[in-house]
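# Secondary and tertiary structure notes
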Amino acid sequence: MTNWLPELEPGKGPLYLQLADRIETDIAGGILAPGTKLPPQRNLAFDIGVTIGTVGRAYNLIRERGLVSGEVGRGTYVTDHKDAALVQAPPHTEPFGGTRGPVATPGKIRMDSTAAIEVGQSDAMEQLLAEITRQFPREMSSYSRTLPGSWQEAGSKWLSGAGWAPEPASIVPTLGAHSAILAVIAAITVPGDRVAFEDLTYCSAARSVNLMGRRSIILHTENGSATPDDFERLCAQQHPKLVFLMPSLHNPTATTMPEEHRRAIVEIARRHNVWIIEDEIYGSVMGLDHIKIADLAPERTFHIGGLSKSVAAGVRGGWVACPPHLAARVHTAHKMVTGGMPFIMAELGAQLVNSGEADAIRGKVQTEIAAREAIARSVFAGMEFSSQPLSPFLWVKLPDPWLSGTFKSAALNEGVLVDDEDEFKPGRTEKVFHRVRLGLTVPETRDEVVQGFSILRRLMETDNASYDSYS
């Protein structure tokens with residue numbers, strides 16, 4: 001083990017980033033040679049006067065850069081960085097980040113996804129697909145250059161709720177909710193514009209914003225939801241062009257924005273001329289009867305929903321209800337961003353909704369989610385977590401001294417995939433939640449859900465000292 005001791009400068013940026021950069025510099029300079037064992041996190045944190053969380057985040061970052069490796073019970077070691085440099089991503093690709101791998105590790109219990117539970121959807125889709133191929137042979141063999149009214153009617157039906165129903169003419173069918181988000185951003189912003197995201201959010205959207213040349217900025221939250229006060233401050237100081245919100249079953253905190261906050265945020269957005277994306281992909285699972293932001297501010301809100309969480313993720317069915325006169329622009333942007341809507345997927349999604357099959361499948365999915373969420377409440381009884389009876393995930397507080405990244409790596413070692421909190425952070429922040437998100441919809445059976453949750457509960461109650469090398 002080395003007696004290496006880095007010097008950090010308060011006020012020169014986040015300490016964890018300074019530490020990671022210092023390690024990288026010293027590796028490149030030969031001060032930390034291949035095979036060198038880095039100090040244990042607790043020791044280094046004490047020696048340089050920072051928290052163990054700061055050291056943990058730095059070690060995670062240099063591991064992502066391919067500079068070190070960790071083994072349970074052995075520690076963190078400098079790799080042969082000459083080889084690591086061959087696969088190391090350049091610094092400017094950080095917006096591609098996230099803590100999930102591009103492909104899920106096979107043979108694990110997957111609790112890092114919230115796709116709709118399999119409840120026999122294929123039976124209904126088999127019949128519909130056979131009918132679509134018979135009924136539309138020409139459309140099946142060509143590009144989709146039309147916008148059938150039935151596709152827009154399906155979107156209007158699926159997005160409606162709480163006494164609000166968007167006009168079919170305002171609906172743009174999309175290749176899932178994610179592509180709807182990108183189409184809206186492409187349609188109403190230009191490179192350099194700021195897009196605000198809550199400090200925990202659906203970060204694939206935030207990373208896509210950065211990739212598109214826009215700038216993601218952080219909107220701080222309280223109790224898992226954006227507050228009018230901080231939104232007002234952000235608008236006054238940083239002038240975002242657009243804000244992305246998940247007011248109904250926020251991912252990952254499982255909270256719902258109060259109606260008074262929705263109304264206040266709408267008024268602030270009007271004063272500062274900010275567009276709003278209202279992502280309600282999880283709201284369709286919950287069936288919540290909360291007033292829609294799109295109902296409060298139809299002139300500036302893009303309301304997005306889809307089938308992935310409540311019917312079938314593989315259909316890639318999504319819709320966005322647009323403000324008046326912007327549907328055509330978003331439709332064009334969606335085509336440019338995605339290459340165009342596949343006829344077979346758009347027609348299948350529309351027929352699922354218009355025939356009533358989507359509602360029937362959603363009912364079965366909700367029943368199974370409720371059963372699995374009850375299992376979660378039983379397994380994690382006595383622990384702190386956020387959930388709702390129809391939530392497809394839990395936001396679980398880790399017992400001290402577990403760190404989120406440490407726990408994710410330890411869970412992987414035990415055969416379970418989970419999401420750590422950094423997966424949901426849209427930018428650099430020193431705010432630490434010490435939580436993980438546990439999805440409950442992808443395991444095939446309730447027995448597998450019990451198995452996965454039991455492994456995680458046991459792990460949470462284990463002294464994490466043997467897993468320090470992973471954090």
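Further up the page is the structure itself.
Residues numbered from 1 in each chain as written. Predicted model: local features only at pLDDT ≥ 70, side-chain atom pairs only at ≥ 80, totals over all residues. Heavy atoms only, no water.

To continue, consider the nonpolar core. As a rule of thumb, nonpolar side chains are buried together in soluble globular proteins. If you look at the biggest cluster of nonpolar residues, it comprises 56 residues, and the most contacted ones within it are Leu 352, Phe 380, Phe 407, Leu 438, Phe 453, Leu 456 and Met 460. Not counting chain neighbours up to four residues away, the residues in contact with Phe 453 comprise Met 111, Arg 372, Ile 375, Ala 376, Val 379, Phe 380, Leu 394, Leu 438 and Leu 440. Of all hydrophobic cores here, the second largest spans 34 residues; its members include Met 246, Ala 327, Val 330 and Phe 393. (Core = buried A, V, L, I, M, F, W, Y, C linked by side-chain atoms within 4.5 Å. Buried < 20%, exposed > 50% of the residue type's maximum accessible area, 1.4 Å probe, protein only. Contact = heavy atoms within 4.5 Å.)

An order of β4-β12-β11-β10-β9-β5-β6 is seen for the 7 strands of this open sheet, with the pairing classed as mixed. At either end of the open sheet lies a strand with only one pairing partner, and these are β4 (171-175) and β6 (215-219). Taking the axes of each pair of neighbouring strands and ignoring which way they run, one obtains an average angle of 25 degrees across the sheet. In terms of strand pairing, strand β5 (residues 194-198) meets strand β9 (residues 242-245) through 3 bridges, oriented parallel. (Pairing = 2+ DSSP bridges. Helix = DSSP H or I, 4+ residues; strand = E, 2+ residues; numbered from the N terminus. Axes fitted to C-alpha atoms, helices over the stretch in contact; angles between N-to-C directions.)

With the rule as written, the count across this model stands at 3 cavities of 30 Å³ or more. A volume near 150 Å³ is recorded for the largest cavity. Gly 53, Arg 57, Leu 403, Ser 404 and Gly 405 are the residues nearest the centre of the largest cavity, which is lined by 15 residues in total. In terms of residue count, helix α3 (residues 52-64) provides more of the lining of the largest cavity than any other element does, 4 residues in total. For the lining of the largest cavity, a count of residues per class yields 2 nonpolar, 8 polar and 5 charged. Taken as a whole, the second largest cavity holds about 50 Å³ of empty space. Forming the walls of the second largest cavity are Trp 151, Pro 173, Thr 174, Gly 317, Gly 318, Trp 319, Met 341, Met 345, Ala 346, Gly 349 and Ala 350. Contributions of two or more residues to the lining of the second largest cavity are made by β4, β12 (317-321) and α15 (343-354). Ranked by residues supplied to the lining of the second largest cavity, first place goes to α15 with 4 residues. (1 Å grid on protein atoms, 1.4 Å probe; cavity = no way out; pocket = protein on both sides within 12 Å on 5 of 7 lines; lining within 4 Å. Points joined across faces, edges and corners; volume = space filled by probe spheres on them. Nonpolar A, V, L, I, M, F, W, Y, C, P; charged D, E, K, R; others polar.)

Attention now goes to the sheet that holds strand β17 (residues 435-439). The strand order across the open sheet formed by 4 strands is β13-β14-β17-β16, and the pairing between neighbours is antiparallel. The outermost strands of the open sheet, each flanked by one partner alone, are β13 (385-386) and β16 (419-420). Of the strand pairs in this sheet, β16 and β17 are connected by 2 bridges, and their pairing is antiparallel. By the bridge assignment, Asp 419 is partnered in β17 with Arg 437.

The subject of this paragraph is the pairing of β12. Of all 5 residues making up β12, 5 are buried, and the element is well covered by its neighbours. Side chains Gly 317, Trp 319 and Ala 321 project from β12 onto one buried face, and the interleaved Gly 318 and Val 320 project onto a second face that is buried too. Relative to β12, strand β11 (residues 301-306) is paired through 4 bridges, and the arrangement is antiparallel. When the sheet's bridge partners are listed, Gly 305 is paired in β12 with Trp 319.

So, about the layout of surface pockets. Space inside the second largest pocket adds up to approximately 260 Å³. As for the second largest pocket, its lining consists of 19 residues, of which Trp 158, Leu 159, Ser 160, Ser 284 and Arg 362 are closest to the centre. Elements represented by at least two residues in the lining of the second largest pocket include exactly α7 (149-159), α12 (283-286), β11 and α16 (357-379). By residue class, the composition of the lining of the second largest pocket is 6 nonpolar, 8 polar and 5 charged.

Geometric descriptors of this kind do not, in isolation, establish any biological role.
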